[in-house]
Amino acid sequence: MTDLPNMRIDGARLWDSLMEMAKIGATPAGGCNRQTLTDLDRQGRDLFARWCAAAGMTLRVDRMGNMFARRAGLDDSLPPVMMGSHLDTQPTGGKFDGVLGVLGALEVVRSLNDMKLRTRHPIEVANWTNEEGARFAPSMIGSGVFAGHYTLEEALAARDLAGAEFGAELARIGYAGADAVGGRPIHAYFELHIEQGPILEDEGVDIGVVTHGQGQRWYEFHIAGFESHAGTTPMPRRRDALLGAARIVELFNRVALAHAPLAMGTCGLIEARPGSRNVIPGSVFLTGEFRHPEAAVLAAMDEALRAGAAEIAARGGLTCEVAEISYYPPVPFEAGCVEAVRRAARGLGLSHRDIVSGAGHDACWVALVAPTAMIFTPCVDGVSHNESERISPEWAAAGANVLLHAALEKAEVVAG
Ligand code: GLV
Ligand code: MN
Ligand code: MN
């Protein structure tokens, strides 16, 4: 009979797999550029699929390209215990954001195989499509359709900045699956992820027991002024769209600081047209986002943003269209799953603390349709969305061990 409490994943095998996956889209600065629905994403998915087949799992792909590798349960009619995250990265991403949660889950299955352990519930390892939202906005769209927040049609119609269509790109890389997206019961969902912030490392704590995900509001601005000559148009007569955009960038910062310390405000993408050094920009595309754990504070920030943007437009002789392209509500995770994570950390003798996720995660959408919780591990200096993102093999193994024990509690081990 297996000694369950002492069961551990194979940390060296997990680390090897993380390093192997990191070769796909590796950047000279040591990070990864494996953006969603690119040829490199296909290579990453193919490698994951090969590993899942080698671990005896059956792969299904839904119409959003979400991948679910399944290990049968003793009662295979029961809803699965699902674990997962994402393999896509930011353009200058790291090796671990998302990847740890997918390969950590695969390592859990490999370890169950090693020990010939069966579970009553089936187990599924998920790789969600387009978590990052870097190439196609909004982020977390694969899990968002799965949870019924977006329609399949609107997701497939999304376009990247070069005009490529999500659905066409998904088909091009061979991952437009046949399965319906979502609409099936999940017994429990666990997502392992690096914290992407500095709290755990600063406090020397092994594991973050994630109790909530904070809310986000994502915006797009189309600002229009008037293109004219940089050397001859008098300063008072200009209708400079880029100047208006710069003031909106500052507005995001100001509104977030007015709701310190928890509020965040960021503008990440700007395109000024026509993009010539001696032409006053006539139009600008700008993206911005706010984050906060409370919906009411996000609503107040939204109000301040809209009022401020209208004032900036009027002052500059501009028109400014604001579209909120996604609202991610603050999410409390399910008490039973959160407790399973806490219990697993305690049982493994790992130090742990409750924590709120500042980043968005697929778990935040899955939580709408299944009991869900997350496990955080530290990352060096809290740096993520950066090629220098770093973790230690010990941190990765500790997180995967918590994932193993939390998932097994829900999947119910049957002695092998
Ligand atoms: C996901 O990467 C996010 O933006 O939080
Ligand atoms: Mn992530
Ligand atoms: Mn990310």
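Quick note: structure is the one above.
About the criteria used
- Residues numbered from 1 in each chain as written.
- Chains lettered and ligands numbered in written order.
- Predicted model: local features only at pLDDT ≥ 70, side-chain atom pairs only at ≥ 80, totals over all residues.
- Heavy atoms only, no water.
- Donors = N, O, S within 2.8 Å, 3.2 Å for Na, K, Ca; no water.
- Helix = DSSP H or I, 4+ residues; strand = E, 2+ residues; numbered from the N terminus.
- Buried < 20%, exposed > 50% of the residue type's maximum accessible area, 1.4 Å probe, protein only.
- Axes fitted to C-alpha atoms, helices over the stretch in contact; angles between N-to-C directions.
- Parallel < 35°, antiparallel > 145°, perpendicular 65-115°, else oblique.
- Left-handed = near helix turned anticlockwise from the far one by under 90°.
- Contact = heavy atoms within 4.5 Å.
- Nonpolar A, V, L, I, M, F, W, Y, C, P; charged D, E, K, R; others polar.
- Lys, Arg positive; Asp, Glu negative; His and termini not counted.
- Salt bridge = Lys/Arg side-chain N within 4 Å of Asp/Glu carboxyl O.
- Near = heavy atom within 4 Å.
- Polar contact = N/O pair within 3.5 Å; in protein donor to acceptor, adjacent residues only side chain to side chain.
- Areas by Shrake-Rupley, 256 points an atom, 1.4 Å probe, with all protein chains shown as cover.

1. Details of the coordination of the manganese ion (ligand 3)
Angles between donor atoms at a metal ideally measure 109.5 degrees for a four-coordinate tetrahedral arrangement and either 90 or 180 degrees for a six-coordinate octahedral one.
Thinking step 1. Around the manganese ion (ligand 3), the donor atoms from the protein are Asp-97 (OD), Glu-132 (OE), Glu-132 (OE) and His-385 (NE2), and they sit 2.1 to 2.4 Å away.
Thinking step 2. Taken in sequence order, the residues that donate to the manganese ion (ligand 3) follow the motif D-x34-E-x252-H.
Thinking step 3. The two metals, the manganese ion (ligand 3) and the manganese ion (ligand 2), are separated by 3.6 Å and share Asp-97 as a common coordinating residue. With a gap of 288 residues between them, Asp-97 in the loop between strand S3 (81-85) and helix H3 (99-114) and His-385 in the loop between strand S16 (372-377) and helix H12 (393-411) connect regions that are remote in the sequence.
Thinking step 4. Classification of Asp-97 by relative accessible area gives buried; the value is 4%.

2. A word on the packing of helix H1 (residues 11-22) against H12
Thinking step 1. With their axes 9 Å apart at the nearest point, H1 and H12 run at an angle of 110° to one another. One finds that H1 runs roughly perpendicular with respect to H12. Along this stretch, H1 crosses H12, giving a crossing that reads as right-handed. From H1, Gly-11, Leu-14, Trp-15 and Leu-18 reach across to H12, where they touch Pro-393, Ala-396, Ala-397 and Ala-400.
Thinking step 2. Looking at side-chain class alone, the contact of H1 with H12 contains seven nonpolar, one polar and no charged residues.

3. Focus on unusual backbone geometry
Thinking step 1. Here the bond from Ala-137 into Pro-138 is cis, since omega is 0°, no more than 30 degrees from zero.
Thinking step 2. Within the secondary structure layout, Pro-138 lies in the loop between strand S5 (123-127) and helix H4 (141-146).
Thinking step 3. That bond from Arg-273 to Pro-274 is cis: its omega, 10°, falls within 30 degrees of zero.
Thinking step 4. Turning to its location among the elements, Pro-274 is positioned in the loop between strand S10 (264-273) and strand S11 (279-280).

4. Things to note about the side chain of Asp-62
Thinking step 1. For Asp-62, the location among the structural elements is in the loop between strand S1 (58-61) and strand S2 (67-71).
Thinking step 2. Despite being buried, Asp-62 has no salt bridge partner; Arg-184 is the closest side chain of opposite charge, sitting 6.7 Å away.
Thinking step 3. Residues in contact with Asp-62, not counting those within four places in the same chain, are Phe-68, Phe-146, Tyr-175, Ala-176, Gly-177, Asp-179, Ala-180 and Val-181.

5. Things to note about the coordination of the manganese ion (ligand 2)
Thinking step 1. Looking at the manganese ion (ligand 2), the protein donor atoms are His-86 (NE2), Asp-97 (OD) and His-193 (NE2), and they sit 2.0 to 2.3 Å from it.
Thinking step 2. For the manganese ion (ligand 2), all donor residues lie on one chain, and their spacing in sequence is H-x10-D-x95-H.

6. A closer look at the site of ligand 1
Thinking step 1. Around ligand 1, the structure places Glu-131, Glu-132, Arg-291, Ala-359, Gly-360 and His-385.
Thinking step 2. A distance of 2.8 Å separates an oxygen atom of ligand 1 from a polar side-chain atom of Arg-291.
Thinking step 3. At a separation of 3.1 Å, an oxygen atom of ligand 1 approaches a polar side-chain atom of His-385.
Thinking step 4. Relative to its free-state accessible area of 190 Å², ligand 1 is covered by the protein chains to the extent of 94%.
Thinking step 5. In terms of residue class, the shell around ligand 1 is made up of one nonpolar, two polar and three charged.

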